[in-house]
Amino acid sequence: MHKKIILAIEIYLTVTVILFLFGPVLYPAVNRWQALAFIIFYQLALFLGFYFGEKHTKIATRITIKPIANVNSNLFIALFLLLNLFFSFALIQQKIGVPSLSGLVSAFQNSIRNAGQAYRMTLEGSDNAESSLLTTLNTLLSPLTYAIIPYCIYYYKKIDVGNKALLFLAITMSVVSNILTGTNVGIFRLIITIATILLVKGWVREQKIVHREKKMKKRKSKNIVVAILLFVFITIFSNNVTSRMQGMGYTISGLRIDYNNWLFQVTPSFLHRPILLATFYISQGYYGMSLAFDFIWRPTFFLGNSSFLIQKSNMLGLEPSAIFSRTYISQMSHLWHPGVNWHTAYTWLANDISFYGVIVYIFLLGFFLSVLIKEASKGEVLALILLPLF
């Protein structure tokens, strides 16, 4: 099981690189071989880290958290779910004001029809939002508001009816708030979280089932749910990105499109637009990464890997604009927009530790991913909560 996971990750990463090199978006050949060499090292480091963790690590002690240890546990669960709901409603309030039911429905319908406009409005207000007290509190408390979702999904049968209703409402409002902002990443994270917990829960159950027929039945049900979640995300993603790219002709973000590309030759014409948008979405970061090699590395004191940390560096007596100016993302901003285009996590991490240091980071990431998967497959709560973040 564990080998299949790392194999799936490596295949996905390889596909994104192939689409960057040979896909329909014609990225300029800037430092391409240098970027490709580092990407290969990163993927190899991920595999080796995972392999090392799988073969050479034995966890003697485990941090255990009893799921429902006492009568007050449901009260704490309700508190964290309400906190999650509070931030979702606050995001909605920032977007449309104090929401009435009719106003919420109207705004929701408008965001679906005009997802591109909703996204552009979100970008225009992003600077003020990032510096707000609400955003700061949301970020600082996110370990609690995030962790309660996978916890409740895994122990769904053990939480009371009221918390089940709160869980459903929290998930629903999270989806609504992300649709209102025209963004995909929040919904993607939520679906990844739910799918990961369901898969792990299925693995744990299968280990306890003796009869093959029952195992196959459980596996089939699990796969159906995951497929439905994937379909929902693809539908929302396609709607959002298509709306953003309306009016697009032979360029996308200033890059030329090859409509004679091999992908279009082997697929029906009605799929060409979704394929183009998906390809650009998952491969554009590599172009941003390749541009970075034309600029010098300027250390960002472990604050440059996150826009939130950069914004909050003033709490340390530093100037956020000075920190941002040292990043690769800022240095290439005249070529690749920092607020619209992607640069890969590799580039953001390299702001702090350089592209060479990222090799070590990715090795450790693979190692801890292996450890988390082993612990999650045993039903370890802390591992279950952390696993979707990887």
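Residues numbered from 1 in each chain as written. Predicted model: local features only at pLDDT ≥ 70, side-chain atom pairs only at ≥ 80, totals over all residues. Heavy atoms only, no water.

### Here we look at the overall build of the protein chain
The test is simple: Only runs of H or I of at least four residues qualify as helices and only runs of E of at least two qualify as strands under DSSP, and these elements are numbered from the N terminus. Relative accessibility decides the category of a residue: with a 1.4 Å probe and only protein chains considered, values under 20% of the type maximum give buried, values over 50% give exposed, and everything between is partly exposed. Should any heavy atoms of two residues lie within 4.5 Å, those residues are considered in contact. We get accessible surface area from the Shrake-Rupley algorithm with a probe of 1.4 Å; when it comes to residues, only the shown protein chains can shield them.
Of the regular secondary structure elements, the protein chain holds 17 helices and 3 strands. For the protein chain, with 390 residues in total, the buried portion stands at 44%. If you take every contact in the protein chain between residues at least 6 apart in sequence, the share linking residues at least 24 apart comes to 77%. About 21300 Å² of surface is accessible on the protein chain, with carbon and sulfur atoms providing 67% of the total.

### Structural notes on the packing of helix H12 (residues 272-292) against helix H16 (residues 344-376)
Here is the rule: Lines fitted to C-alpha atoms define the axes, with helix axes restricted to the stretch in contact, and inter-axis angles between N-to-C directions lie between 0 and 180 degrees. Oblique is the label for any angle not under 35 degrees, not over 145, and not in the 65 to 115 range, which are roughly parallel, roughly antiparallel and roughly perpendicular in turn. Three categories are distinguished: nonpolar for Ala, Val, Leu, Ile, Met, Phe, Trp, Tyr, Cys and Pro, charged for Asp, Glu, Lys and Arg, and polar for the others, with Gly belonging to the last.
In the contact formed by H12 and H16, the axes pass within 7 Å of each other and the chain directions differ by 25°. Here H16 runs roughly parallel to H12, going by the angle between their axes. Judged by residue contacts, Gly285, Tyr286, Met289 and Ala292 of H12 engage Thr344, Tyr346, Thr347 and Phe355 from H16. Within the contact of H12 with H16, the residues separate by chemical class into 5 nonpolar, 3 polar and no charged.

### Topic: the side chain of Ser174
You can see Ser174 is positioned in helix H8 (residues 161-180). Since its relative accessible area comes to 16%, Ser174 is described here as buried. The contact partners of Ser174, leaving out residues within four places of it in the chain, are Ser88 and Leu190.

### Some thoughts on a nonpolar patch on the surface
Put simply, the test is: A patch consists of residues exposed above 30% relative accessible area that lack any salt bridge, with like charges linked at up to 9 Å and nonpolar side chains (Val, Leu, Ile, Met, Phe, Trp, Tyr) linked at up to 5 Å. One speaks of a salt bridge when a side-chain nitrogen belonging to Lys or Arg is within 4 Å of a carboxyl oxygen belonging to Asp or Glu.
A surface patch of nonpolar side chains, amounting to about 430 Å² of accessible area, comprises Ile18, Phe22, Trp262 and Val266. The residue Val266 is located in the loop between helix H11 (262-265) and H12 in this model. Residue Val266 is classed as exposed on the basis of its relative accessible area of 62%.

### A look at H16
Basically, it comes down to this: How far a helix is expected to stretch is found by multiplying one less than its residue total by 1.5 Å. Bend is the name given here to the angle between axes fitted to two runs of seven residues, the run ending at a residue and the run starting at it.
The end-to-end C-alpha separation of H16 is 27 Å, well short of the 48 Å expected for 33 residues at 1.5 Å each. Considering bend angle alone, the principal kink of H16 is centred on Asn351 and spans about 115°.

### Digging into H8
Helical geometry: 3.6 residues make up each α-helical turn, so side chains three or four residues apart lie on a common side. With 20 residues, H8 should reach 28 Å at 1.5 Å per residue; the first-to-last C-alpha distance of 29 Å fits that figure. Of the positions making up H8, those classed as buried are Asn163, Leu166, Leu167, Ala170, Met173, Ser174, Val176, Ser177, Asn178, Ile179 and Leu180.

### Focus: the side chain of Ser88
With respect to the helices and strands, the residue Ser88 is situated in helix H3 (residues 73-96). Look at Ser88 and you get buried, because its relative accessible area is 8%. Residues in contact with Ser88, not counting those within four places in the same chain, are Met173, Ser174 and Ser177.

### Overview of unusual backbone geometry
A positive phi angle, close to 75°, is found at Thr344, a residue other than glycine. Here Thr344 is to be found in helix H16. A relative accessible area of 18% places Thr344 in the buried class. The phi angle at Ser354 is positive, at roughly 75°, despite the residue not being glycine. By the secondary structure assignment, Ser354 is in helix H16. For Ser354, a relative accessible area of 14% gives the class buried.

### Regarding the packing of aromatic side chains
Let me state the cut-off plainly: Put simply, two rings from Phe, Tyr or Trp (the six-membered ring, in Trp's case) pair if the centres are within 6.5 Å, and we call them stacked under 30 degrees between planes, edge-to-face over 60, tilted for the rest.
Counting across every chain of the model gives 20 aromatic pairs. Ring plane angle 50° and centroid distance 5.7 Å describe the contact between Phe20 and Tyr286, whose orientation is recorded as tilted. Of the two residues, Phe20 sits in helix H1 (residues 2-22) while Tyr286 sits in helix H12, which places them 266 residues apart along the sequence. Note on accessibility: Phe20 and Tyr286 belong to one class, buried. Judged by centre distance (6.3 Å) and plane angle (45°), the ring pair of Phe52 and Phe363 falls under tilted. Of the two residues, Phe52 sits in helix H2 (residues 32-56) while Phe363 sits in helix H16, which places them 311 residues apart along the sequence.

### Thoughts on the environment of Leu255
As for its position among the elements, Leu255 is in strand S3 (residues 255-257). According to the relative accessible area criterion, Leu255 is buried, its value standing at 7%. Residues Leu255 and Val25 lie 230 residues apart in sequence; the distance between their C-alpha atoms is 6.8 Å.

### Some details on the environment of Asp258
Condition: Nitrogen and oxygen atoms within 3.5 Å of one another constitute a polar contact, given that in protein one can donate a hydrogen and the other can accept it, and given that sequence-neighbouring residues count only through two side-chain atoms.
Within the secondary structure, Asp258 sits in the loop between S3 and H11. Taking the C-alpha atoms as reference points, Asp258 and Leu276, separated by 18 residues in sequence, lie 9.7 Å from one another. When residues no more than four places from it in sequence are discounted, the contact partners of Asp258 are Pro24, Leu26 and Phe264. A polar side-chain atom of Asp258 sits 3.0 Å from the main-chain amide nitrogen of Asn260.

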